[in-house]
Amino acid sequence: MRIVALAGGIGGARFLRGLRAAVGPQDEITVIGNTGDDIHLYGLKVCPDLDTVMYTLGGGIHEEQGWGRTDETWSIKAEMKEYGVGPEWFGLGDRDFATHLVRSQMLTAGYSLSQVTEALCVRWKPGVRLLPMSDDRVETHVRITDEQGTRAIHFQEYWVRLHAAVTAEAIIPVGADTAKPAPGVLEAIAGADVILFPPSNPVVSIGTILAVPGIREAVAAAPAPVVGLSPIIGGAPVRGMADKVLAAVGVEATAEAVALDYGSALIDGWLVDTADEASVAAVEAAGIACRAVPLLMTDVEATAEMARAALALAEQVRG
């Protein structure tokens, strides 16, 4: 079985760990990772979502945080602060710095982001094929209004420094409209037996991937069933502040509303948590097969059960 998953950071990475546990060694998983969260810091190219997937599946993630490296130290960050060089609000640990140094050196030498990601995965052995959504530069920005007036800031500043405390007026994936899908992305989608949308942020993770010209169209045209898992349980995001960015695009923070926003032209099946079982009928009335199952990723086995439920729904949709 050839499975393609579109994934953001923490939620996507943890779901992929369960998916990997749910399938057999003969099955192939290709992950198309969001690069809209990418940011340049200290002269280095930082790819938070790609790295979170790589570290989580490779056994190097800080489990409690869900991001960054385990057994991390912070000497470089402390020294940068002594020099008065920021930003202080974004944490890059010493081990993490090494990844960004290697990536930036390879990019400067002329390698593409796809080639660099493949090289980094040689070390981490994530057990999946990890592809960036594009080799071109795409950065998600957020339009806000504060004491400095109306302006656009990088998504990382909005999410990490401001903790989404300011109203997001618009989400702008800068550069997405002229980006091209990375090599292998469209081919993986066209050749998939199943396409999954993990419980990643539907706006700034999966939504940004779909904003790259050709990817949404490829998913919609794919012969494989497309099944998503709700990142919203009981009217609230499981993790993070997805409700803040959903509001910016005019979508209510409910499992039903997110499914309807994707639409039946894009997804064939949708899993909601048992807490949202009342929404199943409305989702199905919109032409999307829907089931209610436990969606809390409390451990790897619980997450594997979620993945099995998604694959089972895909099989039912396939008919």
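Everything that follows concerns the structure shown earlier in this document.
Reference entry: report on the structure contained in this document. (Residues numbered from 1 in each chain as written. Predicted model: local features only at pLDDT ≥ 70, side-chain atom pairs only at ≥ 80, totals over all residues. Heavy atoms only, no water.)

### Looking at the sheet that holds strand β8 (residues 170–174)
Here is step 1 of the chain: Taken in spatial order, the three strands of this open sheet run β7-β6-β8, and their pairing is antiparallel. Sheet topology places β7 (149–154) and β8 at the edges, where each strand pairs with a single neighbour. The average angle at which neighbouring strand axes cross in this sheet is 30°, direction not considered.
Here is step 2 of the chain: Both strand β6 (residues 139–146) and β7 contribute to a ladder of six bridges, which runs antiparallel. Within β7, the position partnered with Asp-146 by the bridge is Gly-149. (Pairing = 2+ DSSP bridges. Helix = DSSP H or I, 4+ residues; strand = E, 2+ residues; numbered from the N terminus. Axes fitted to C-alpha atoms, helices over the stretch in contact; angles between N-to-C directions.)

### Description of the sheet that holds strand β10 (residues 226–229)
Sheet strands line up and pair through hydrogen bonds in the backbone, either parallel or antiparallel.
Here is step 1 of the chain: In spatial order, the strands read β5-β2-β1-β9-β10-β13-β14; together these seven strands make up an open sheet with parallel pairing. In the strand order of this sheet, the two ends are held by β5 (129–132) and β14 (289–292), each with one partner. This sheet shows a mean twist of 20° between the axes of neighbouring strands, independent of strand direction.
Here is step 2 of the chain: Examined bridge by bridge, strand β1 (residues 2–7) and strand β2 (residues 28–33) share six bridges and lie parallel to one another. What sits directly across from Arg-2, in β2, is Glu-28.

### Let's talk about the pattern of salt bridges
Here is step 1 of the chain: Scanning the model with the defined rule gives 12 salt bridges in all.
Here is step 2 of the chain: For Glu-63, the salt bridge is made with Arg-17, and the minimal N-O distance between the two is 2.7 Å. With Glu-63 in the loop between α2 (48–58) and α3 (75–82) and Arg-17 in helix α1 (residues 10–22), this residue pair connects regions lying 46 residues apart in the sequence.
Here is step 3 of the chain: For Glu-63, a relative accessible area of 36% gives the class partly exposed.
Here is step 4 of the chain: Two residues, Glu-305 and Arg-308, come together in a salt bridge whose shortest N-O distance is 2.6 Å. Residue Glu-305 and its partner Arg-308 are located together in helix α13 (residues 300–318), separated by three residues, close to a single helical turn.
Here is step 5 of the chain: Glu-305 gets classed as partly exposed once you look at its relative accessible area, which sits at 45%.
Here is step 6 of the chain: Taking relative accessible area as the criterion, Arg-308 reaches 30% and is therefore assigned partly exposed. (Salt bridge = Lys/Arg side-chain N within 4 Å of Asp/Glu carboxyl O. Buried < 20%, exposed > 50% of the residue type's maximum accessible area, 1.4 Å probe, protein only.)

### Here's the deal with unusual backbone geometry
Here is step 1 of the chain: With an omega dihedral of 10°, the bond running from Gly-86 to Pro-87 counts as a cis peptide bond.
Here is step 2 of the chain: With respect to the element layout, Pro-87 can be found in the loop between α3 and α4 (94–108).
Here is step 3 of the chain: Despite not being glycine, His-163 shows a phi value in the positive range, around 55°.
Here is step 4 of the chain: Its place among the elements puts His-163 in the loop between α6 (155–161) and β8.

### Structural notes on the pairing of β10
Here is step 1 of the chain: Residues of β10 alternate between two faces, with Val-226 and Gly-228 on one and Val-227 and Leu-229 on the opposite face, all of them buried.
Here is step 2 of the chain: As paired strands, strand β9 (residues 194–197) and β10 are joined by three bridges and run parallel to one another. The residue bridging Leu-196 from the neighbouring strand is Val-227, located in β10.

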